[in-house]
Amino acid sequence: MKKRVLSILIVLTLLLPLLSGLASDAGASTEGDWTYGWQKINGQSRMAILRYNGTATTVNVPTKLGGFAIEAIWQGAFAKCKTVKTINVGDHILYMYGSFQNCTSVETINMPTNVYYFGRYIFSGCTSLKNVSIPENVSLIDFGTFENCSSLINITIPDSVRTIEAEAFRGCSSLKTIHLPNVSCVYEGAFASCSSLDGIWAGSGCPLTNDSYGALFSSDGTTLIAFPGGITGTYTIPSTVTVTERYAFDGCSLTGVVIPESVTNPGTQLFQNSKNLKWVENHASSKSWTNGMFANCTALETFVIEKGWSVFNKTFSGCTNLHEVTIKGNLFISYDTFTDVTSVMYYPADNSRWTADKLQDYGGSLTWIPDAGYRLSRAEYMLGSAAAVSLTISGTEDLPTSVEVDGTALDTSACSVNGSNIDFSSGYLDTLAEGHHVVKVTLPGGACAAILTVRSQPAPEPPTEPPTEPPTEPPTEPPTEPPTEPPTVPPTEPPTEPPTEPPTEAPTNPPTESPTEPPTEPPTDAPTDPAPTQTEPVKPSESAPPQTDPPVQTPDEPESATVWPYILAVAVALCIGAALFAALRKKK
């Protein structure tokens, strides 16, 4: 009996994916390379393209399929296309929802002039997209619209656009310049990780303002909204700024930033992914670094945390080169603040609140040293290189009493002390494993430590063989010359007689039904008035800049036309299972 039940379960397992696949296209029809069907938009049913199935390089979106006017392109319709280079969208398309998301091959999309709403993530992940125009009717560039369009160099934003939503251009690493002719509201992270951006320029009709670096500020200059990611060097935030928006410096190319005392609200994740950032001089009156403030700042090497500050929620997560942190006073640290960090932590030696239970790893690998004012330089060694490695002590003229590596005291065969320098022998260094090691030096008045990083030699590149040179001498025998006279008999003569049986003739009349029958009637709730309905505006973030214009209204998010095909698939599977079970029992 158990074997029979198991057999039934196996049959159901094999059938369900097939039935689910059928259900996913239930209510949809196919004509040529297009799958289409009714979808609910703003509470009304409209005919939409669900999927493009072809392999052409240039695609023109059809105006009609199955006799129905096409008004929308559905989410993911081009997501699996790997050959399409150019897509031409006609004026008959009014709605698009994530239509081209992750279409990695497309380079140019010619948009209709009368569309007024793109929908979220419509071009997200189009990594080859170079050219796209925003129609004049569009007033909102929605959340993630161009996210990770890494080949997009330039884009023209028309006067009609009033709002750019959060992360709209995040990760557009080739984007050079943005002009905002009439935009009144830009939300957090709209230009995050745009590492080539040399300016975010506000136009004459835009209430937002700029400084000489092309940074974007609120109209009164008190909120720093975004800093262009392609600007290098150092930057001092103006003293008029009290708020720095979340992601304002995300992915920037700066090496250093000075934060003035006027800043009372530094946004979370402010500097994350800034690969060149080496230092931040902080005078802000706010006392908290939170939520990945410096996450993945891989060039950050040292950091000073002032008295009374708090750092938590992966503030320094992924700062893989951070090797020295100095803490000036009491500090609240959360369990994951230093995730993936290997560093020496200097804490106040005379502060009784720094008890042993506070000296934890906090997600990383931390070495805690009472701060006596001494410092030790860090170093790197390449295994097998026999290179000289020397660490320098600063802050004292005393000679060390001992040197340890990873808690093991070293003798003179491993290292030697020459004044303020500690010189390591390459023979000893070659015995260390690849990775980070802690060198601790004890002196009469205290101790200091540093990170010694040992790396393996890179694998040698395979030798490249030069291309075979063509022979310098021509062949001794020239190639056979073609015959001067054509052959008297062609290589293959066509048959002189037709085949004895003619091929099967095609039917004289075309079939009366198409291979896939489109729906003959729209749902009963199909619209008679094409005017779209609108919902309440998108709520801005707490730290978003003030809007000077009425809030932008966006259409409702689309919803699937029906879930009944999926319910039907499950019901059919259950019926088949029940029938099989009954048949087996009857046989028994």
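Residues numbered from 1 in each chain as written. Predicted model: local features only at pLDDT ≥ 70, side-chain atom pairs only at ≥ 80, totals over all residues. Heavy atoms only, no water.

Q: Looking at this structure, how should I read the overall build of the protein chain?
A: When you go through the protein chain residue by residue, the secondary structure sums to 3 helices and 40 strands. Looking at the 588 residues of the protein chain, the share that counts as buried comes to 43%. For the protein chain, the proportion of contacts with a sequence separation of at least 24, taken over those separated by at least 6, is 38%. When the accessible surface of the protein chain is split by element, carbon and sulfur atoms take 54% of a total near 30300 Å². (Helix = DSSP H or I, 4+ residues; strand = E, 2+ residues; numbered from the N terminus. Buried < 20%, exposed > 50% of the residue type's maximum accessible area, 1.4 Å probe, protein only. Contact = heavy atoms within 4.5 Å. Areas by Shrake-Rupley, 256 points an atom, 1.4 Å probe, with all protein chains shown as cover.)

Q: Before we go on, may I ask you to explain the nonpolar core in this structure?
A: For soluble globular proteins, the rule of thumb is that nonpolar side chains tend to be buried together. With 60 residues, the main nonpolar core has F78, F100, F123, F146, I164, F169 and F191 as its most contacted residues. Only β2 (34-41), β3 (44-52), β14 (178-180) and β19 (223-226) provide two or more residues apiece to this core. Counting 44 residues, the second largest nonpolar core, distinct from the first, contains L254, F294, C297 and L300. (Core = buried A, V, L, I, M, F, W, Y, C linked by side-chain atoms within 4.5 Å.)

Q: Just checking my understanding: could you explain the confidence of the model for the protein chain for this structure?
A: Parts of the prediction with low pLDDT should not have their coordinates interpreted in detail. Averaged over every residue, the pLDDT of the protein chain is 81; the share at 70 or more is 75%. Residue range residues 11-26 is modelled with pLDDT below 50. Its contacts to residues more than four positions away, or to other chains, number 15 contacts. Every residue in residues 478-564 scores below 50 in pLDDT, and together they form 100 contacts with partners more than four places removed in sequence or on other chains. (pLDDT = per-residue confidence, 0-100.)

Q: Hey, could you run me through the packing of aromatic side chains in this one?
A: For any two aromatic rings, the description comes down to two numbers: the centre-to-centre distance and the angle of the planes. Applying the stated criterion across every chain, the model contains 32 aromatic pairs. Taking 5.1 Å as the distance between ring centres and 10° as the angle between the ring planes, the aromatic pair formed by F146 and F169 counts as stacked. Taken together, the residues span a long stretch of sequence, with F146 in the loop between β12 (140-141) and β13 (163-164) and F169 in the loop between β13 and β14 at a distance of 23 residues. The rings of Y213, F227, Y235, F249, F271, W289, F294, F303, W309, F316 and F338 are connected pair by pair, giving a single aromatic cluster. Sitting over the ring of W354, K358 keeps its end group 4.4 Å from the ring centre. Stacked on the ring of Y346, the Lys or Arg R375 has its end atom at 3.8 Å from the ring centre. (Phe/Tyr/Trp six-rings, centres within 6.5 Å; stacked < 30°, edge-to-face > 60°. Lys NZ or Arg CZ within 6 Å of the ring centre and 35° of its normal.)

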